[in-house]
Amino acid sequence: QVQVVESGGGLVQPGGSLRLSCAASGSIFSTYAMGWYRQAPGKQRELVATITSGGRINYADSVKGRFTISRDNAKNTVYLQMNSLKPEDTAVYYCNAYISQTLYWGQGTQVTVSS
């Protein structure tokens, strides 16, 4: 069983920045495809960004140019750097690990963008 744990959420003003972290267990983290998703109240969960084991990256159009996903395989961690935050970025942010055709989800971390 792979454990996925997010951290780094909080309250930030519009235009501010936050960095989310996601730690996944296991000795072969470098082979995992990792992703960030978010779910706002009353809305479906949506893709934010993904990164493959080979470093291929994909972003949702709504966050391109503002968010950056990266990974540190030595620390079993993937990051989401969020800049120029907008109120519409308010959501619970979830991390997942895709391993051997199975998705492992974390519990989520709340991000609130408000003045």
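Everything below is about the structure printed above this text.
Quick caveat: nothing in here was measured; it's all calculated off a predicted structure. (Residues numbered from 1 in each chain as written. Predicted model: local features only at pLDDT ≥ 70, side-chain atom pairs only at ≥ 80, totals over all residues. Heavy atoms only, no water.)

**Student:** Sorry, what's going on with unusual backbone geometry here?
**Tutor:** Working note: non-glycine residues mostly have negative phi, and peptide bonds are mostly trans. Residues other than glycine seldom take positive phi values, yet Asn76 does so here, at roughly 50°. Inspection of the secondary structure assignment puts Asn76 in the loop between β7 (67–72) and β8 (77–82). Here Gln101, not a glycine, exhibits a phi torsion of approximately 65°, which is positive. In this fold, Gln101 is placed in the loop between β9 (91–99) and β10 (102–105). (Helix = DSSP H or I, 4+ residues; strand = E, 2+ residues; numbered from the N terminus.)

**Student:** Would you mind showing me how to read the pairing of strand β1 (residues 4–7) here?
**Tutor:** Every regular strand shows the same layout, with side chains that alternate between the two sheet faces. Burial along β1 is one-sided: the residues Val4 and Glu6 are buried and none of Val5 and Ser7 is. The sheet contact formed by β1 and strand β3 (residues 18–24) spans 4 bridges and is antiparallel. Within the sheet, the bridge partner assigned to Ser7 lies in β3 and is Ser21. (Buried < 20%, exposed > 50% of the residue type's maximum accessible area, 1.4 Å probe, protein only. Pairing = 2+ DSSP bridges.)

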